[in-house]
Amino acid sequence: MTGQTKYYVTSPMYYVNGDPHIGHAYTTILADVMARYHRLQGDNVRFLTGTDEHGLKVQRAAEQRGVEPKQMADEVSTTFRALFDRLGLSYDRFIRTTDEDHVSSASEMARRMVESGDIYKGKYEGWYSASDEAYYDESEIEDGIAVATGSAVEWVAEESYFFRLSEYQDRLLEWYEDNPDCILPESRRNEVISFVESGLQDLSVSRTTFDWGIPWPSDPEHVLYVWLDALNSYFTGSIAHWPADAHIIGKDILRFHAVYWPAFLMSVDLPLPNHIVAHGWWTNEGTKMGKSKGNVIDPVPLLDKYGLDPFRFYLIRESPVGQDGRFSETRLVERYNTELANNIGNLVNRTFSMVRSYLDSEIPKMPFVMLDKDRNLSSRCLIHLREYRDHMDAYRMSKALSTVISLSTVVNRYLQDRKPWKLAGEDEVRLKEVLYWILDAIRLVAVMLAPFLPETSSGILGALDDDLQKLEWGYLNPGVLGEFGVPFPRIEED
Ligand code: MSP
């Protein structure tokens, strides 16, 4: 491992009050894309996902089902895991906040916060939303509803331990200031800064009116506030890789990650995460998804119908990280046809079938020289590659994917201009040159696609017998083109 760059990425820990939907799939796919991208570069990658199982929200959901919270957690957590496997998510650990190592680490964290003098006992009196697992100020409530989320709140009055969050205001502001990309995209960072500038109140970090949680160290009448518990799973999940390079989250849980979590870490003297990346919210054709509305989008039937890669493709491509996305199956099919079937699929298909029929499936050797008239293609490859890396490194996964599509367009154009079908039988040397450059560009496109479309990418690279998967240009070795069927056949709409 020595000399390797470590890269640690996390998804949020999902509540086990109900089955996973498209929003959960999206967050985790984004984290998966980053994990795969860093593995491509040979980094020592750790990718953590899992479930957030304690707290009032889960306890109540279990009561409604008439089961014990742990039983509900076991069931729902299994469903999440099954979906994540189906989504091809390359996580290294699926942590559950009921896992023993997490329970002891979270309570150790609380103990250290006590030790650093940041905890005092008091009484919390105010609003709480079980659905958001969040405390709200009077000014954030209208008619019994938290304005920001639309969730119902209830009045809570109970003994509780408080964390001196107010004392961390300056240090937090300094952190945002000194690390301009600690919260991405920038608009989210500004939002956090103005929230913190408006003043921070101490935070209640324990509860006493229910018991589904981790006992407070040396005061088991209290359980840890579920966010203190769950956030700590990032640390438990890979102490060896700490600090995290990126926490991928939705915009709704930004405050917990960008304010509470760094303050907790400061309190116990642990390094802070490098990036908190907040994405937008998916709606069902513009309408907020909700169980009561019955419009929650289940990824499974979509995976059955369209397959893994097209599903992942659509989610990442459709909305730039940070912006909200309108889920629409019609759009999915449109994007599939124009960008996957007609562009990438067509390029691979035409090229592979020409190699089969004109070259008897032989992948030619790299040409001795690159002619000036072919240099445009190589420079486009390099430019697109650089752009792709820049986007990926800045967590603009959707833009990185568009860059791959536009590279594929460039290669299609080169193919169209060079007309290998005219060279066949007339100029074998030139034919081989042209097909070599196209195949190498396809190889590059496939490597760039690897984080996004793992199945298609490995199909193409398998046919090209490329086990190097170099994110570089000019790496294709001669050999025999293997089997690979039509990627992305067109979907004919009814
Ligand atoms: N348990 C907390 C996270 C704790 S992390 C230490 C939680 N869980 S959640 O299951 O409610 O949500 C997890 C993630 O799913 C969040 O990042 C949230 O943004 C994301 N999504 C849930 N619904 C979503 C959409 N409709 N669209 C996009 N993402 C959404 O919060």
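Remember, predicted model here, so these are calculated numbers, not experimental data. (Residues numbered from 1 in each chain as written. Predicted model: local features only at pLDDT ≥ 70, side-chain atom pairs only at ≥ 80, totals over all residues. Heavy atoms only, no water.)

Quick notes on the overall build of the protein chain
This is how it is decided: Strands here mean DSSP runs of E at least two residues long; helices mean DSSP runs of H or I at least four residues long; both are numbered from the N terminus. Computation of the radius of gyration draws on C-alpha atoms, with the globule rule given as 2.2 Å multiplied by the number of residues to the power 0.38. The buried label applies to any residue whose accessible area, calculated with a 1.4 Å probe on protein chains only, is under 20% of its type's maximum; exposed applies above 50%, and partly exposed to all values in between. Contacts were defined at the residue level, with two residues in contact if any of their heavy atoms lie within 4.5 Å. Accessible areas in this description were obtained via Shrake-Rupley with a 1.4 Å probe; residue shielding takes into account the shown protein chains only. Note that His is not counted, nor are the chain ends; the positive residues are Lys and Arg, and the negative ones are Asp and Glu. All charge positions are set by atom: Lys at NZ, Arg at CZ, Asp at CG, Glu at CD.
Across its full length, the protein chain carries 16 helices and 19 strands. For a compact globule of 494 residues, the expected C-alpha radius of gyration is about 23 Å, and the protein chain comes in at 26 Å, within 12% of that figure. With the C-alpha coordinates aligned to their principal axes, the bounding extent of the protein chain is approximately 90 × 50 × 40 Å. Expressed as a percentage of the 494 residues in the protein chain, the buried residues total 59%. Taking the contacts inside the protein chain whose residues are at least 6 apart along the sequence as the reference set, 77% of them involve residues at least 24 apart. Total accessible area on the protein chain is roughly 20,600 Å²; 47% of this is exposed by carbon and sulfur atoms. Taken together, the 51 basic and 76 acidic charged side chains of the protein chain have centroids lying 7 Å from each other.

Quick notes on the sheet that holds strand S2 (residues 44–52)
Pairing between the strands of a sheet comes from backbone hydrogen bonds, and it takes one of two forms, parallel or antiparallel. Using the following cut-off: Being paired, for any two strands, means DSSP has found at least two bridges between them. Angles run from 0 to 180 degrees between N-to-C directions of axes, and those axes are lines fitted to C-alpha atoms, restricted for helices to the stretch in contact.
Taking strand neighbours across the sheet as the criterion, the six strands line up as S3-S2-S1-S14-S15-S9 in an open arrangement whose pairing is parallel. Sheet topology places strand S3 (93–96) and strand S9 (183–184) at the edges, where each strand pairs with a single neighbour. With five bridges joining them, strand S14 (residues 246–250) and strand S15 (residues 275–279) adopt parallel strand pairing. By the bridge assignment, glycine 250 is partnered in S15 with histidine 279. Of the strands in this sheet, S9, S14 and S15 touch helix H8 (residues 254–267), which is tilted by about 140° from S14.

Notes on the pairing of S3
Moving residue by residue along a regular strand, the side chains alternate between the two faces of the sheet. The side-chain alternation of S3 yields two buried faces, one formed by Arg93 and Ile95 and the other by Phe94 and Arg96. As defined by bridge partners, S2 adjoins S3 across four bridges and the pair is classed as parallel. Each residue of the ladder has a partner; that of glycine 50, found in S3, is isoleucine 95.

Remarks on unusual backbone geometry
Cis geometry marks the peptide bond from leucine 184 to proline 185; its omega dihedral reads -10°. In this chain, tryptophan 242 is followed by proline 243 through a cis amide linkage whose omega measures 5°. With respect to the helices and strands, the residue proline 243 is situated in the loop between helix H7 (226–236) and S14. Even without a glycine there, the phi angle at serine 361 is positive, about 65°. Secondary-structure assignment places serine 361 in the loop between helix H11 (329–359) and strand S18 (362–363). One non-glycine residue, glutamine 469, lies in positive phi territory at about 50°. Relative to the assigned elements, glutamine 469 resides in the loop between helix H16 (454–463) and strand S19 (479–480).

Structural notes on the pattern of salt bridges
Using the following cut-off: Criterion for a salt bridge: a side-chain nitrogen of Lys or Arg within 4 Å of a carboxyl oxygen of Asp or Glu.
Considering all chains together, one arrives at 35 salt bridges under this definition. The partner of arginine 188 in a salt bridge is glutamate 191, and the shortest N-O contact between them spans 2.7 Å. With arginine 188 and glutamate 191 both in helix H6 (residues 186–197) and three residues apart, this pair spans about one turn of that helix. Overall, the relative accessible area of 40% leaves glutamate 191 in the partly exposed class. We note a salt bridge from glutamate 334 to arginine 331, for which the minimum N-O separation is 2.9 Å. One end of the pair is glutamate 334 and the other is arginine 331, both in helix H11 and three residues apart, which spans about a single turn. Three or more residues are tied together by salt bridges with common partners; here these are Arg317, Glu318, Arg331, Glu334, Arg335 and Glu339.

A word on the site of the ligand
Convention followed: Residue proximity to a molecule or strand is established when one non-hydrogen atom of the residue lies within 4 Å of it. Throughout this description, a polar contact denotes any pair of N or O atoms lying within 3.5 Å of each other; where both atoms belong to protein, one of them has to be capable of donating a hydrogen while the other can accept it, and for residues adjacent in sequence the pair is counted only when both atoms sit in side chains. Gly is put with the polar residues, along with every residue not named as nonpolar or charged; the nonpolar set is Ala, Val, Leu, Ile, Met, Phe, Trp, Tyr, Cys and Pro, and the charged set is Asp, Glu, Lys and Arg.
Around the ligand, the surrounding shell holds 23 residues, and the nearest of these are Met13, Asp52, Gly250, Asp252 and Trp282. Here an oxygen atom of the ligand and a backbone polar atom of tyrosine 15 are 3.3 Å apart. Contact between the ligand and glycine 250: an oxygen atom at 2.8 Å from a main-chain N or O atom of the residue. Computed on the free molecule, the ligand has an accessible area of 660 Å², of which 95% lies beneath the protein chains in the complex. Listed by contribution, the elements that provide at least two residues to the shell around the ligand are strand S1 (6–15), helix H1 (22–40), H7 and S14. Classifying every residue of the shell around the ligand gives 13 nonpolar, eight polar and two charged.

Section: the nonpolar core
The condition is simple: By nonpolar core we mean a set of buried residues, namely Ala, Val, Leu, Ile, Met, Phe, Trp, Tyr and Cys, connected to one another through side-chain atoms within 4.5 Å.
Formed by 108 residues in total, the largest nonpolar core has its most connected members in Leu87, Tyr388, Met397 and Phe452. Of all the elements, helix H15 (residues 428–449) adds the most residues to this core, at 15 residues. In this view, methionine 397 contacts Leu30, Val33, Met34, Ile248, Ile316, Val321, Met392 and Phe452; residues no more than four positions away in its chain are not counted. Of all hydrophobic cores here, the second largest spans 69 residues; its members include Tyr168, Leu228, Phe256 and Trp261.

Side note on the packing of helix H5 (residues 169–178) against H6
A packed helix pair is summarised by two numbers, namely the angle formed by the two axes and the spacing between the axes. Test applied: Oblique is the label for any angle not covered by the other classes, which are roughly parallel (under 35 degrees), roughly antiparallel (over 145) and roughly perpendicular (65 to 115). Working rule for handedness: look at the near helix, and if it is turned counterclockwise from the far one by less than a right angle, call the crossing left-handed; if clockwise, right-handed.
For the pair H5 and H6, the least separation of the axes is 10 Å and the interaxial angle reads 160°. With respect to their mutual orientation, H5 and H6 come out roughly antiparallel. Both H5 and H6 take part in a crossing whose hand is left-handed. Where H5 abuts H6, its residues Gln169, Leu172, Leu173, Tyr176 and Glu177 lie against Arg189, Val192, Ile193, Val196 and Glu197.

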